[in-house]
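The residues making up each chain are set out below.
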Amino acid sequence: MYTEDWIIAHRRYQHLSAAYSPITTETQRERQKDLTRQVFEQDTSGDERSGPEDSDDPRHSSGSPEDTPRSSGASGIFDLRNLAADSLLPWLLERTAPEDVDRRNEASRRQHRPRALLALYPAPDEDEAVERCSRPEPPREHFGQRILVKCLSLKFEIEIEPIFGILALYDVREKKKISENFYFDLNSDSMKGLLRAHGTHPAISTLARSAIFSVTYPSPDIFLVIKLEKVLQQGDISECCEPYMVMKEVDTAKNKEKLEKLRLAAEQFCTRLGRYRMPFAWTAVHLANIVSSAGQPDRDSDSEGERRPAWTDRRRRGPQDRTSSGDDTCSFSGFRPATLTVTNFFKQEAERLSDEDLFKFLADMRRPSSVLRRLRPVTAQLKIDISPAPENPHFCLSPELLHVKPYPDPRGRPTKEILEFPAREVYAPHTSYRNLLYVYPHCLNFSSRQGSVRNLTVRVQYMAGEDPSQALPVIFGKSSCSEFTREAFTPVVYHNKSPEFYEEFKLRLPACVTENHHLLFTFYHVSCQPRPGTALETPVGFTWIPLLQHGCLRTGPFCLPVSVDQLPPSYSVLTPDVALPGMRWVDGHKGVFSVELTAVSSVHPQDPHLDKFFTLVHVLEEGAFPFRLKDTVLSESTVEQEMRASLAALRLASPEPLVAFSHHVLDKLVRLVVRPPIIGGQIVNLGRGAFEAMAHVVSLVHRSLEAAQDARGHCPLLAAYVHYAFRLPGTEPSLPSGTPPVAMQPATLARGPGRPTSLYLARSKSISSSNPDLAVAPGSVDDEVSRILASKGIDRSHSWVNSAYAPGGSKAVLRRAPPYCGADPRQLLHEELALQWVVSGSAVREAVLQHAWFFFQLMVKSMALHLLLGQRLDTPRKLRFPGRFLDDIAALVGSVGLEVITRLYKDAELAERLNASLAFFLSDLLSLVDRGFIFSLVRAHYKQVATRLQSAPNPALLLTLRMDFTRILCSHEHYVTLNLPCCPLSPPASPSPSVSSTTSQSSTFSSQAPDPKVTSMFELSGPFRQQHFLAGLLLTELALALEPEAEGAFLLHKKAISAVHSLLCGHDADPRYAEAAVKARVAELYLPLLSLARDTLPRLHDFAEGPGQRSRLASMLDSDTEGEGDIGGTINPSVAMAIAGGPLAPGSRASISQGPVAASRSGCPLSAESSRTLLVCVLWVLKNAEPALLQRWAADLALPQLGRLLDLLYLCLAAFEYKGKKAFERINSLTFKKSLDMKARLEEAILGTIGARQDMVRRSRERSPFGNQENVRWRKSITHWRQTSDRVDKTKDEMEHEALVDGNLATEASLVVLDTLEIIVQTVMLSEARESILGAVLKVVLYSLGSAQSALFLQHGLATQRALVSKFPELLFEEDTELCADLCLRLLRHCGSRLSTVRTHASASLYLLMRQNFEIGNNFARVKMQVTMSLSSLVGTTQSFSEEHLRRSLKTILTYAEEDVGLRDSTFAEQVQDLMFNLHMILTDTVKMKEHQEDPEMLIDLMYRIARGYQGSPDLRLTWLQNMAGKHAELGNHAEAAQCMVHAAALVAEYLALLEDSRYLPVGCVSFQNISSNVLEESAISDDILSPDEEGFCSGKHFTELGLVGLLEQAAAYFTMGGLYEAVNEVYKTLIPILEAHRDYKKLAAVHGKLQEAFTKIMHQSSGWEMQRVFGTYFRVGFYGARFGDLDEQEFVYKEPSITKLAEISHRLEEFYTERFGEDVVEIVKDSNPVDKTKLDPQKAYIQITYVEPHFDTYELKDRVTYFDRNYGLRTFLFCTPFTPDGRAHGELPEQHKRKTLLSTDHAFPYIKTRIRVCHREETVLTPVEVAIEDMQKKTRELAFATEQDPPDAKMLQMVLQGSVGPTVNQGPLEVAQVFLAEIPEDPKLFRHHNKLRLCFKDFCKKCEDALRKNKALIGPDQKEYHRELERNYGRLREALQPLLTQRLPQLLAPTTAGLRNSLNRASFRKADL
């Protein structure tokens, strides 16, 4: 309870610490507000033109491609001439010195850069933020969920008398009344007037009609019970209710007389008996119904108007409500307000008034068949409003009737806060004064009392003495009466000698209750009939309850005897249980009156142990001996023993009161420690007892509030006690900057939502006290830092060391801390706590360790207050605290540290908490005590851990804790200053560098050159770690975590990297380090991070995918020995030895890498998230460090190390590449599972770095080192920090914002890399190995230009590239061609950019590249060739490529060539012109391709044509073949893609065969014939076209053996994807000899593995249904009409994906050409007959589509055995068209003819395109008999297939049989026979056909029999009948056929005439003249 002002100690700069102002997603958002949007190519959509300068040209593209035939060179050039060029770079053609160019580039790079790099990166991971603290909430009054109930009106059928209401909440399950009563009065003024005689003027507080109820434990069993009372009248309750039940409002006129009579009677009763009440009626509302139905959003709040009361409500809702019985199902906070109209009341029954009966009724009400429902109700209308209470309601009165702010006007009608009686314990400390007593009379039994005692009432009075005038006005009034009264009566039950009561009297207890305060109960008989001579009330009994007993308040149930006589004098000293002589008692002194007292008080603990403790403390403080305690009398000699016993007994106190009085108890215990009591002149030291008691109290409080702990396991209540309420007993401190206490209105409580303005805070003084570095302390560290930063080079005066005021100095003043006051003995709390803790016994120590944080915080605040009160803040740190105290602290830290280590494996959670508490303690001490001393403690702790590490079963666990420890220490707000960032690197003289002991005369942030030994600044060397103690610790932890052999690495990586990241974020956000010079100094603390990351490179996540690319550049440079001089590994062992004093004891980890790091040492790879974070930290250091320093460091690096550094930069580019808005939208559409690692998953998904498999692997790797129990803190998923990251579906704005930030991050990261590359280039200019390094640098630059970059970066990147090329031209033109090719491709791509700035720079770069090449004197051919090839591959592969923009760039380059004065006289300009023209031609083709973008066939045809055009230029042909392969793969045509690759391989093979004759290489195209017969077209290159040694020809990387292998592998891969496994084998036949010759067994193993897979698949798929592999469907497509241009009258065979229906291709082509030519132009010819051109409409376009099947001659079928054979290498196709002589397609059998058409194509399918022209066509006509023969043969084949199928398929067999023997109607076998075999033909030419048909039928019958036999064997009993039917049908068929088949032809054996066609011979088809 609040008894004194609070003191809050906080440090001046504390808010800058990561613990208090963490960098969260929200704060990052704030800092990202003013970012500018970076422009990215991929975000600008295709059609929009960028930049204003682009908008003025109406499309400058060269008309339509048809206007410029490819041959007319002139027109192409002419077009280019007419184009407008982009703006030129003014200084490009000047010849400037390279240094000046570099300077200019650097200056432009420095402009408009964001200050804070890390503001662009996602905030540090919340899970790892162990250092996070928050101010505890100030203690405040406890409330549950609050409900506002407003009583609006109460109306009965008749209005004759006033009615009074009472509201209260009851919990049926707990059988408990859970709120006090609320009394309301809704009577009209006329009714109130009837009581004028009795009423005083009503106080405004009693006129309330609305109340706020609080419910701590909401449950579905809570009812709002409404009871009604009326003025007492003659007659029992039933009689008095009768008129209300009988009379109706509508009958008012009819019942006028009766009503008049009733009114008159009522008036009389009111006048006479107005002060008494009687029970009348009651009802209840089931709150759960209101809350749940009000929560349904579909009900309108207006229509909610009239709701029936709860129980009639039940009838509608049915019993299903009973199911919601869990506590959690019910919440009273967020429901929609509801207005209820309660219509039915139950009359009260005189015998059933008690609460027990009420609970029975309520339980019954919830049943569907309620007994209450059968009762006759009292009809009335009570309207009440129920809603959640607002946050700060106006006009509110507390339960003590004090105004609660805001209370705008004291005259407004108030709302009462109703005190809650919670259903179960509530643990909350008292925060305001409350002292209430509730009196509940239960029942009275006067049945044995003689005389007229029937209408009984009980009067209650609170007596301060025995005189009647001493009744105190402390009883709260009810409704419409005075606020407090001196007496109150219970309602009267008419004619009942033993009534029950439901009354509740609420009393305000006086602050000081004394021995003679008591409650007096007087029992009266009230005579209801006015009889002359009888008094209104007759006293018939008396009894009383004394309120104090042994100094404790008496509460609980009492059963009291009642005296008949007036009570004798001084009765109040005794209790009624004592039978006084001469007194008469009702029923012979038996207990006849049952009553219960309940107190709600912040003055009386109501717990014997607490009572005794407080009493004893009071006695000791007052020193009033002797003192009586219960039955014993305490003297000075016995009090100490009692006190000790009482301290020990505190642990037995019951938790609820203990928590409620916790502040008080703790204050008293502190007082006992600090001010030992003096008893009889002796100081009694109770310190130990008090300390133990404190430990137990803290434990108990903690246990009671287990559920409310915060993330760090602290109990918020205790934290708030230390932060606010705890103070050293004594005087007010003399505040240095205190505000005077605010005067307050005593009657007003303020309650804000978070109550910052609450009563107490307003009075509390926020003292900036515990900071050493306070504003009050002159020369404090922060003043110092700010002065240093102004770099005026000042002396560190605050350290006394060389100050004149130092003790013993020339001007030393003797300062004694002024005494606090008085001379009584005192201890210093922190000293005493430390001492007691160190010497405590095991039991107590255990309790203290569980809650060490509390004692640590208590000590810290105590030390701070001690310094402040003793005005010691300006004493030197070393003199602030005595040595013995520091020794205790050291012992304490040592022992707690040891506990952490030993308990780790028994109770990880406790160890973790202890570890954090210890770290926070040391961190706080850094602000109070000598820093050197604290550092020595930290070092000792580290050594302790290190020793344990060697024997630890699970070192990762220990390292995790130590990492947390370090992280907390480093979160100190003066972290940077504590690291002495500015001293030179010579080791300091004193062994423990503390700020106070180092004095540096030189200016600290001065710009003078640092110590020459630069290298040791970049290594975790001894000097570095001594100099920068905390940073050294942090980086050492990181180094250990990144050790390859570290166990549990995944978690350690994440923790260590996250710690560094969060610190760097803090520096970025810290206003103290905003200036660049200062930040550079801060960055020096992290320089070793560069070496660390470089050595971890092999284990970083590889963002730039590509096999074995991880150490791309290092291996390039690592030519000589394994990196000599590369002292790679994190820490050199000798250095580790040197720091033996440091945190790593000698040899503490054997794995601290010995000597050079072998790149192969893999260890545990880092996750993508950890890698990215580590890289962003590296970039931060590179961005903020001093460039000169970096340059000197780079100069000292060995080659391999430099290579690794470049690799690191390469990786940085890859890791932060921009993904484009689309990626964010795509990510968004996936919904992720919520998971703790959500952010990481999201990032990795954006980065596209993990597939499901890796994810699984990674998860298994992540299994934490904590074994099964998992890492405890993280398990309590700390949801209250991380709500934001769990919402996955982001809004459009959020995605826009993400893309904006991501773009800025990508740009800044790339620019930092570029800056660093420039530094490296400047460094290596002079070194001898510069070629290889520069090559590597250029590769990084090229990579940066190739990835998605913003326009801003590209201008700087291209500038750097130009500078590089101009400084080192030999790099590109003499070394390998790859770089040149890459560069050309990248530059061309940017030349086609939509952004004009990018084009400007790219064309400038390309021009300079050509000029450079020309000037070197080398043939210009190389660049020309590379550019042409690049353009070809660019055009072929890039979708979004814009030829129009590229044309502008070509024009720009032409302009440069024309304006270049230097080269006027050479052929350079002409050559450039030629090249540009060439490129322009390629582009023109591209335009055509663009047009056909939607028509894949046409597009591929075009590409095919372009490739044909390059027949003489193998490089370009190869490029286009690859482009085609890419396009096919994109369309899913894998077979075609594979063919392209085979052709490419054949091309390369031809070339290689020309160069050399190797046995193992293919001889040229011929070797590929088995794969495809089409390949021979690649042999068109003969020696005269191509001379292999000509420069620039066939120089691509593919024209090598390796290239050939690559192409073959790709072909095999495509074949596999297309399911053409047989072809895979053929490809590998060519490949295997090459691999064998190279002895490449690894690849051979892989190849054979793949072959095995292929063959296995062939096996699986050829068994069973052949159709498991479906290769393609073929259609003949003919185009007719001038509209088609060069397609007119062309016929093609199209290969479509398998199972394509005719309708699908028809629809696709129709749709496509309709879109091209417009509606109603395209017509599909529906038949397959030859098209007559003359009959077509010339304005229209006609397409004829026919399904065709592959056709093979009989001899071919011998070779084409498998399904694959019959679907591969197809050239001939067949389709049939039925017709009749009269033009219809189908007719009767005798006239049905058929036309067979054979088509032959130019090439065999599959080919490098999907449609091939038809080159030959041949037709044959079949006569009706021949048609019949074919049909019967087909039927017979089907039957045979179905019969022989294995495994048999009964269903199919039956289908075929049914079709063969079933009695078919038209054209079945029988009809065929009857038509053709009935009579012998007259024409002898037809004999042969006749006979053949007859034989077919015989065969057919035979097969039917076989099939029937087979079917019989297959069927079950259920199909027997069906089978018989089939047999019968077959019998009939055979009978009918019999006569037809037996006829013999007369001349069958006669020789045939020469002219007869042999229809069985294929050749005869061709000869027939049609």
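All of the points below concern the structure found in this document. (Residues numbered from 1 in each chain as written. Predicted model: local features only at pLDDT ≥ 70, side-chain atom pairs only at ≥ 80, totals over all residues. Heavy atoms only, no water.)

What follows covers the pairing of strand β37 (residues 1793–1805). Burial runs high along β37: eleven of the 13 residues are buried. Bridge count between strand β36 (residues 1770–1779) and β37: nine bridges; the pairing is antiparallel. Along β37, the bridge assignment pairs L1770 with F1805. Taken together, β37 and the strand that follows it, strand β38 (residues 1811–1822), pair antiparallel across an intervening segment of five residues. (Buried < 20%, exposed > 50% of the residue type's maximum accessible area, 1.4 Å probe, protein only. Helix = DSSP H or I, 4+ residues; strand = E, 2+ residues; numbered from the N terminus. Pairing = 2+ DSSP bridges.)

Bringing the pairing of strand β14 (residues 435–444) into the picture now. Across the ten residues of β14, eight count as buried, placing the element largely inside the fold. Bridge analysis of β14 against strand β25 (residues 593–601) gives nine bridges, and the strand direction is antiparallel. Paired with C443 across the strands is S594, a residue of β25.

A separate point is helix α36 (residues 1199–1215). Here α36 spans 24 Å end to end across 17 residues, near enough to the 24 Å set by a 1.5 Å rise per residue. Most of α36 sits out of view: 16 of its 17 residues are buried. (Expected span 1.5 Å × (residues − 1).)

A word on the sheet that holds strand β15 (residues 456–463). Spatial ordering of the open sheet is given by β18-β15-β20-β21, a layout of four strands whose pairing is antiparallel. Looking at which strands have only one partner, the edges of the open sheet turn out to be β18 (487–489) and β21 (537–546). Strand-to-strand, the axes of this sheet are offset by a mean angle of 20 degrees, without reference to chain direction. Here strand β20 (residues 518–526) pairs with β21 via nine bridges, running antiparallel. Across the sheet, the residue bridging to H525 is T538, located in β21. (Axes fitted to C-alpha atoms, helices over the stretch in contact; angles between N-to-C directions.)

This brings us to a nonpolar patch on the surface. There is a patch of nonpolar side chains on the surface, built from V573, L574 and V578 and spanning about 240 Å² of accessible area. Mapped onto the secondary structure, L574 falls in the loop between β24 (556–560) and β25. Assessed through its relative accessible area of 32%, L574 is described here as partly exposed. (Patch = residues over 30% accessible without salt bridge, like charges linked within 9 Å, V, L, I, M, F, W, Y side chains within 5 Å. Areas by Shrake-Rupley, 256 points an atom, 1.4 Å probe, with all protein chains shown as cover. Salt bridge = Lys/Arg side-chain N within 4 Å of Asp/Glu carboxyl O.)

Examined against the element boundaries, N1523 turns out to sit in helix α52 (residues 1514–1531). Residue classification places N1523 among the buried positions, given a relative accessible area of 2%. As for N1523 and L1434, which are separated by 89 residues in sequence, their C-alpha atoms are 8.7 Å apart.

Should their charged atoms come close, side chains of opposite charge can pair. In the structure shown here, the tally under the stated rule is 84 salt bridges. Among the ionic pairs, E131 bridges to R967, the shortest N-O distance being 2.8 Å. With E131 in the loop between α3 (98–110) and β2 (145–156) and R967 in helix α24 (residues 955–970), the pair connects residues that are 836 residues apart, well separated along the chain. By relative accessible area, R967 is classed as buried at 5%.

Right, let's talk about the packing of helix α59 (residues 1824–1844) against helix α60 (residues 1850–1861) for a bit. Interaxial distance between α59 and α60 falls to 9 Å at its minimum, and their mutual angle equals 150 degrees. Taken together, the axes of α59 and α60 are roughly antiparallel relative to one another. In this structure, α59 crosses over α60, and the sense of that crossing is left-handed. Contact residues: α59 offers K1835, E1838, L1839, F1841, A1842 and T1843, while α60 offers M1852, L1853, V1856, L1857, G1859 and S1860. Among the residues forming the contact of α59 with α60, the class breakdown is seven nonpolar, three polar and two charged. (Parallel < 35°, antiparallel > 145°, perpendicular 65-115°, else oblique. Left-handed = near helix turned anticlockwise from the far one by under 90°. Contact = heavy atoms within 4.5 Å. Nonpolar A, V, L, I, M, F, W, Y, C, P; charged D, E, K, R; others polar.)

Helical periodicity: at 3.6 residues per turn, an α-helix aligns residues three or four positions apart in one direction. End to end, helix α63 (residues 1920–1942) covers 32 Å across 23 residues, agreeing with the expected 33 Å (1.5 Å per residue, within 8%). Within α63, the axis deviates most sharply at A1936, by approximately 30 degrees, and proline P1939 lies no more than four positions further along. For α63, the full list of buried residues reads H1923, L1926, N1929, Y1930, L1933, L1937, L1940 and L1941. Summarising the contacts, the buried residues of α63 are in contact with α60, α61 (1869–1877) and α62 (1887–1914). (Bend = angle between axes of the 7 residues up to and from the residue.)

The topology assignment puts V701 in helix α14 (residues 687–704). On a C-alpha basis, the gap between V701 and V659 in space is 5.7 Å, while along the polypeptide they are 42 residues apart. Once residues lying within four places of it in the same chain are set aside, the contact partners of V701 are V659, S662, C715, L717 and L718.

So, on to the packing of aromatic side chains. Within the structure shown, the criterion is met by 56 aromatic pairs. Aromatic side chains F182 and F184 sit 6.2 Å apart centroid to centroid with 25 degrees between the ring planes, which places their arrangement in the stacked category. Each member of the pair, F182 as well as F184, is classed as buried. One aromatic cluster in this structure is built from F691, Y721, F726, W837, W853, F854, F855, F856 and F921. The ring of F164 is capped by R277, whose NZ or CZ atom sits 4.1 Å from the centre of that ring. (Phe/Tyr/Trp six-rings, centres within 6.5 Å; stacked < 30°, edge-to-face > 60°. Lys NZ or Arg CZ within 6 Å of the ring centre and 35° of its normal.)

Here we take up the packing of helix α15 (residues 716–725) against helix α20 (residues 852–869). Where α15 meets α20, the axes come as close as 10 Å, and the angle between the chain directions of the two elements is 5 degrees. As the angle between them shows, α15 and α20 are arranged roughly parallel. In this structure, α15 uses L718, A719, Y721, V722, H723 and Y724 to contact α20, whose residues at the interface are W853, F854, Q857, L858 and K861. A per-class count over the contact of α15 with α20 returns eight nonpolar, two polar and one charged.

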